[in-house]
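One letter stands for each residue in the lines below.
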Amino acid sequence: MTSAPELAIAQVTVADPRVKPLLRELGDEYSRRYGRDAHAELARYPDEEFTAPYGGVLLLLLEHGEPVAGGAFRRYDATTAELKRIWTHSAHRRRGLARRVVAELEREARARGYRRIYLTTGPRQPEARGLYLATGYTPLFDTEADPETIGPLPFEKHLPADARTARTGKAADL
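How each quantity is defined
Residues numbered from 1 in each chain as written. Predicted model: local features only at pLDDT ≥ 70, side-chain atom pairs only at ≥ 80, totals over all residues. Heavy atoms only, no water. Salt bridge = Lys/Arg side-chain N within 4 Å of Asp/Glu carboxyl O. Buried < 20%, exposed > 50% of the residue type's maximum accessible area, 1.4 Å probe, protein only. Helix = DSSP H or I, 4+ residues; strand = E, 2+ residues; numbered from the N terminus. Polar contact = N/O pair within 3.5 Å; in protein donor to acceptor, adjacent residues only side chain to side chain. Core = buried A, V, L, I, M, F, W, Y, C linked by side-chain atoms within 4.5 Å.

A. Structural detail: the pattern of salt bridges. Inspection of every chain in the model, using the stated rule, returns 15 salt bridges. Among the salt bridges present, the one from Asp16 reaches Arg18, with a minimum N-O distance of 2.9 Å. Under the relative-accessibility criterion, Arg18 is labelled partly exposed at 30%. Its salt-bridge partner being Glu106, residue Lys157 comes within 3.1 Å of it at the nearest N-O pair. Pair noted here: Lys157 is in strand 7 (residues 153-158) and Glu106 is in helix 3 (residues 97-111), with a separation of 51 residues, a long-range link. Since its relative accessible area comes to 17%, Lys157 is described here as buried. Under the relative-accessibility criterion, Glu106 is labelled buried at 10%. Members of the salt-bridge network, linked through shared partners, are Arg100, Glu104, Arg107, Glu108 and Arg112.

B. Quick look at unusual backbone geometry. The residue Arg85 is not glycine, and still its phi comes out positive at about 55°. Mapped onto the fold, Arg85 is located in strand 4 (residues 80-88). You can call Arg85 buried: its relative accessible area is 8%.

C. Looking closely at the environment of Arg18. Counting through the fold element by element, Arg18 comes out in the loop between strand 1 (7-11) and helix 1 (20-34). Placed 49 residues apart in sequence, Arg18 and Pro67 show a C-alpha to C-alpha distance of 6.4 Å.

D. Up close: the side chain of Arg116. Along the chain, the position of Arg116 falls in strand 5 (residues 116-121). A polar side-chain atom of Arg116 sits 3.4 Å from a polar atom in the side chain of Thr80. A distance of 2.7 Å separates polar atoms of two side chains, one belonging to Arg116 and the other to Glu156.

E. Summary view of the nonpolar core. With 27 residues, the main nonpolar core has Phe73, Leu83, Ile86, Leu105, Tyr132 and Tyr137 as its most contacted residues. Looking at this core, the elements with two or more residues in it are strand 2 (57-63), strand 3 (66-77), strand 4, helix 3, strand 5, helix 4 (126-134) and strand 7. The element best represented in this core is helix 3, accounting for six residues. Core analysis: the second largest hydrophobic core is formed by 17 residues, Tyr34, Leu42, Tyr45 and Leu60 among them.

Honestly, that's just the spatial picture; any functional story needs more than this.
If you want it as structure tokens, here you go:
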């Protein structure tokens, strides 16, 4: 019996070379699904928004030092983090890695004092919609409507207080 490979979490910047597969695959995937070059969408937010000084983070899930999944959040408002760029490498799907990334992002957001997570996903990404529903996110749209008539599908999740916040009664500095 072999054991599952150990996975490591790395906080990185967009400039880290290990982020390139994430950005390339996301851009290609969005372009296939929506029929236009979506690489520009990935450049919509300045890279620094995904760094700690700006209230954000970019995480990679590494297996044997190689990125297999990742994701980020940026400050949406003083109490809300917005998830962006959730990705699983095409060769590593169906292993629960996206759930792990979302859980790590939630943990990091909570530790930074955020109380809520907000995100949107495209109407042609049913697996992302399923991921967010399965991980406790509340849809902010009519789930019975045709997703193509809605546009980006918004979700939210309220985070429980971090243990440090519960002890001190104050949120961590963002």
